Amino acid sequence: MTREEFEKRFIAARRSSIARDFEKLNDMQLQAVLTTEGPLLLLAGAGSGKTTVLINRIANLLRYGRGSDTDLVPEQATEEDLAYLEKYAAGGEADRERVGRLCAVDPVEPWRLIAITFTNKAADEMKSRLERMLGEEAYDIWAMTFHSACVRILRRDIDRLGFDPSFTIYDTSDSQSLMKRIIRELDLDDKTYNYKSVLTVISKAKDEMMSAEAYAAAADRTTDIRKRNIGRAYMEYSRRMRDANALDFDDLILFTVRLLLDHPEVRDYYQRRFRYVLIDEYQDTNNLQYMFASLLAGGHKNICVVGDDDQSIYKFRGATIENILSFESNYKGARTIRLEQNYRSTGHILAAANSVIRNNTGRKGKELWTESGLGEKPVLYIAPDERDEAQYVAGKILAEAACGGRWSDNAVLYRMNAQSNAMEFAFKRNGIPYKIIGGTRFFERAEIKDMLSYMCTVQNPSDDLRLLRIINQPPRGIGETTVENLRQIAVTRGVPIFEVLQDAGRIDVLSRSAAKLGKFAELIGDMRAAAENIPLDEFYDMLLEKTGYEAMLRERMTDENVTRLENVQELKSNITAYMKENGDDATLAGFLDEIALYTDIDQYDRNSDSVVMMTMHSAKGLEFKSVFIVGAEEGIFPGTRSIGEPDEMEEERRLCYVAMTRAKERLFLVCARHRMLFGRTTAGKVSRFVDEIDREHINRPPESGNTFAFGGESDAWDTGYGGYSGDRYGGYGRGRGFEDAVSDGYGYGRRPAAPRKKTISRPAAAPAKYVPLFAAGDRVEHSAFGKGVVTKVQPTGNDALLEVEFDAVGKKRLMMKSAAKYMTKL
DNA sequence: ATCATAACGCTTTTT
DNA sequence: GCGTTATGAT
């Protein structure tokens, strides 16, 4: 055997031997795991087992280093070794230790790996799966979000950029209130200079790595007044951020990139350190994140990015799909692997999703497929209005629950949070437990922001923004004029407000309130001392007490204040959780870091069994047995803003693709002909995305043309067709809408006859009078909740609120008319 | 300082 | 249509 032939066979046998560790993967997944060296683009379709691949890839790197992907053959390898490997590779038994020794080439130390994700949730999942697979070794792997990785890097070296390592992080609303203030102070018209749009411009500039100085200078070279004024606002914003020793979310990444670009010794350290860089959700990266990733990977050039161009839905936040589309040209010698086998959805659903996304141009081109059979076709239901739409969804869910399904198998996805209202009502009417994800978030609540502001002020004395928030909260008689004086003096002296506070006694204009100011300064000072000496949870209790915040809430126990108190306590449980996780390392600064980067406490716990409602955006990365996409109408989804804008329309279509591919077994597309939104009723028509679905993969109601239309108008919506809504309780069993006519196999109870041809009167025109269908003491059976007894009937206009004590699920409150459809007297 | 009323907006939003 | 927010009056 020549050396050449020996090496060839050795390399092949080594790769096959390593592959035996990953037998559960499909071929493409395996390739992705074994391809360790150089730039790699992993196009991972929805549900293709992406995280599994990432975890196994890391396991491979730790165990075998580049063994599966190198031409290097150890000098000392013998023909006997080769024979041994070949036998093992062919399926034989072998000593694992010896195989490991023969296959490994530079196994990598865990701390040389960095895996970056976008969300804390993804990072946490990655971490826990790594721990499960690798045990303690996993602790040293940097598995975290872009932002937390940057914080970690900055805490070490930000002093090189003239910031103090104890910097605080401003979240979006902090930035917003700062910008509001700046616009007011610069005397700019808040219509033309809307704080949000100004911040968007700044964020874009930061993404292009344009400093305030550079931006303002460039703006001044133009005649564009607006641009020049935004330049001024940007300058002021940067100056204040610097003075407050604060960084916003963009800054975290921008400054890290700056640090790596301008400071070779820092760059070298990280480039040498990280032998392998992994980036998840690459289609969502913006320019800065691209820079950051490529800087990190600049040393060893082993960068693996995972993403799906078809799932890029955050362009409006600066994500650029270009990063993934041009990965191959950005990285010389890049390899691409496509994961197209889907393990989540059944055939029809996948085919429907494929047929929608096919209408986009500029794709990498991918077609998902599955081995799991055709399953059920997605169903289109057209409701008369949003009430009926919601009632339809509730009905489907109840029917499924009646067959033993779990509530949490169902998700309702909508385009915007405002749509959740109608759904909420329907769920309440029917006693369906639900949970809304998103909307007003925990950390956005005033009382939480207040408590966090106290902590920030204690932690960072120069954080004026936070200090101003709480200086008179609860009221301590420090009024607006005093605050204004304070600020003036701070600006002229060029020092943080807190310093002026301590000096108040010696300043004339402040003399009248000096005592109050001094007391406040003392309070913060005391708390600062306490933070260093007592455990964090005790510190927090002390804060609640000494600041008088708790007392303020307790003073008047309104419903609102009760919730606030609960929230404030909830924050404490965050602290306790943080302490548990970090043990002796738990510090105030550490906690604040974590909180600043944690928008939502993991409010989505899968333990509680309830239907989840959320926007399609938030649904990314999740999966459900049944998915309801509501509001599938032109003008809602796609939204008015994207109609006529080809790029936005494509993004909208990708969003549709994301939403559809969340469904494992059942997918419902629901729309309403008339919808009341923002106080106006508008007529809509079925979303173009629905029309794009191949007819053989969807159950549609018969063409609404002449058959159902009014007076022969072919696309008229106002057909007065009987709907789902509970308004005509006497008529249940009929008028369920189109969809059952095509039989999706999921109607419940009595099957309706063919749809009525047409109805002249508008639905719900004359509200029916209250007719009691149940009385207290009735023994009843509900299709989803089982048997029970009616304990209370409370008439409400033309309906009634029932209280039913169910044998299995306990007390439920139901609206009579809705309940009548699913519940019968025994 | 606190309450009331008027005015305003209003996609989506991993950090 | 509703919930937040800015402003003005007491």
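None of these values were measured; they are calculated from a predicted model. (Residues numbered from 1 in each chain as written. Chains lettered and ligands numbered in written order. Predicted model: local features only at pLDDT ≥ 70, side-chain atom pairs only at ≥ 80, totals over all residues. Heavy atoms only, no water.)

### Some details on the overall build of chain A
Item 1. If you tally the helices and strands in chain A, you get 31 helices and 20 strands.
Item 2. Here chain A, with 826 residues, has 54% of them falling under the buried criterion.
Item 3. A separation of at least 24 residues holds for 75% of the contacts in chain A among residues at least 6 apart in sequence.
Item 4. Accessible surface computed for chain A: about 36700 Å², of which carbon and sulfur atoms make up 49%.
Item 5. Where the 117 positive side-chain charges of chain A centre and where its 126 negative ones centre are 4 Å apart. (Helix = DSSP H or I, 4+ residues; strand = E, 2+ residues; numbered from the N terminus. Buried < 20%, exposed > 50% of the residue type's maximum accessible area, 1.4 Å probe, protein only. Contact = heavy atoms within 4.5 Å. Areas by Shrake-Rupley, 256 points an atom, 1.4 Å probe, with all protein chains shown as cover. Lys, Arg positive; Asp, Glu negative; His and termini not counted. Charge placed at Lys NZ, Arg CZ, Asp CG, Glu CD.)

### Observations regarding the environment of Ala784
Item 1. In this fold, Ala784 is placed in the loop between β16 (779-782) and β17 (786-796).
Item 2. Among the residues examined, Ala784 registers a relative accessible area of 19% and is labelled buried.
Item 3. Sequence-distant contacts of Ala784, defined by excluding residues within four places in its chain, comprise Leu398, Ala401, Ala402 and Trp407.

### Some details on the protein's contact with DNA strand C
Item 1. With respect to spatial proximity, the complete set of residues near DNA strand C consists of Lys180, Met676, Phe678 and Gly679.
Item 2. Within 4 Å of the protein, the atoms of DNA strand C are drawn from sugar and phosphate moieties in a proportion of 29%. (Near = heavy atom within 4 Å.)

### Let's talk about the sheet that holds strand β8 (residues 335-339)
Item 1. With respect to topology, 6 strands assemble into an open sheet ordered β3-β2-β6-β7-β1-β8, the strand pairing being parallel. The strands lining the two open edges of the sheet, one partner per strand, are β3 (142-145) and β8. Pairs of neighbouring strands in the sheet enclose a mean axial angle of 15 degrees, with direction left out of account.
Item 2. Pairing of strand β2 (residues 113-117) with β3, which is carried by 4 bridges, proceeds in the parallel orientation. In the sheet register, Ile114 faces β3, and the bridge partner there is Trp142.
Item 3. Most of the contacts of helix α2 (residues 27-34) go to β8, to which it runs at about 145 degrees, and overall it touches β1 (40-44) and β8. (Pairing = 2+ DSSP bridges. Axes fitted to C-alpha atoms, helices over the stretch in contact; angles between N-to-C directions.)

### What to know about the state of the cysteines
Item 1. The final tally for this structure, using the stated rule, is 0 disulfides.
Item 2. Of all cysteine sulfurs in the structure, the one in Cys304 sits closest to Cys150, which takes part in no disulfide; the separation is 19 Å. (Disulfide = S-S within 2.5 Å.)

### Digging into the pairing of strand β14 (residues 663-677)
Consecutive side chains along a regular strand alternate between the two faces of the sheet.
Item 1. Among the 15 residues of β14, 11 are classified as buried, and the element is accordingly described as predominantly covered.
Item 2. One ladder, built from 6 bridges, connects strand β9 (residues 379-385) with β14; its direction is parallel. Paired with Tyr381 across the strands is Val670, a residue of β14.
Item 3. Inspection of the sheet shows strand β13 (residues 624-630) paired to β14 by 6 bridges, in the parallel sense. Counterpart to Val630 in the pairing with β14 is Val670.

### Section: the confidence of the model for chain A
Item 1. Taken as a whole, chain A shows an average pLDDT of 86; of its residues, 91% reach a score of 70 or greater.
Item 2. A low-confidence stretch, residues 705-723 stays under pLDDT 50, and its non-local contacts, those more than four residues away or across chains, total 49 contacts.
Item 3. With pLDDT under 50 throughout, residues 725-766 is counted as low confidence; its partners more than four residues away or in other chains account for 95 contacts. (pLDDT = per-residue confidence, 0-100.)

### Examining helix α18 (residues 386-402)
Item 1. Its 17 residues place the ends of α18 24 Å apart at the C-alpha level, agreeing with the 24 Å of an ideal helix rising 1.5 Å per residue.
Item 2. Of all 17 residues in α18, 15 are buried; the element is thus mostly enclosed.
Item 3. Gly404 occupies a position one or two residues after α18 and carries a positive phi of about 95 degrees. (Expected span 1.5 Å × (residues − 1).)

### Observations regarding the pattern of salt bridges
Item 1. Taken as a whole, this structure holds 64 salt bridges when the rule is applied.
Item 2. Here Lys206 ties to Asp248 by a salt bridge, and the two come within 2.8 Å at their closest N and O atoms. On the criterion of sequence distance, the pair formed by Lys206 in helix α9 (residues 195-207) and Asp248 in strand β5 (residues 246-248) is long-range, its members being 42 residues apart.
Item 3. Among the ionic pairs, Arg415 bridges to Glu652, the shortest N-O distance being 2.6 Å. One end of the pair, Arg415, is in the loop between β10 (410-414) and α19 (420-430); the other, Glu652, is in helix α29 (residues 646-660), with 237 residues separating them in the sequence.
Item 4. We classify Arg415 as partly exposed; its relative accessible area is 22%.
Item 5. Residue Glu652 is classed as buried on the basis of its relative accessible area of 7%. (Salt bridge = Lys/Arg side-chain N within 4 Å of Asp/Glu carboxyl O.)

### What about the environment of Glu538?
Item 1. Summarising the element assignment, Glu538 is placed in helix α25 (residues 536-546).
Item 2. Between the C-alpha atoms of Glu538 and Asp159, which are 379 residues apart in sequence, the distance is 32 Å.

### Side note on the sheet that holds strand β18 (residues 799-806)
Item 1. An order of β19-β18-β17-β16-β20 is seen for the 5 strands of this open sheet, with the pairing classed as antiparallel. Unpaired on one side and paired on the other, β19 (810-815) and β20 (823-825) mark the two borders of the sheet. Looking at each pair of strands side by side, their axes are set apart by 35 degrees on average, direction ignored.
Item 2. With 3 bridges joining them, β16 and β20 adopt antiparallel strand pairing. Along β20, the bridge assignment pairs Glu781 with Thr824.

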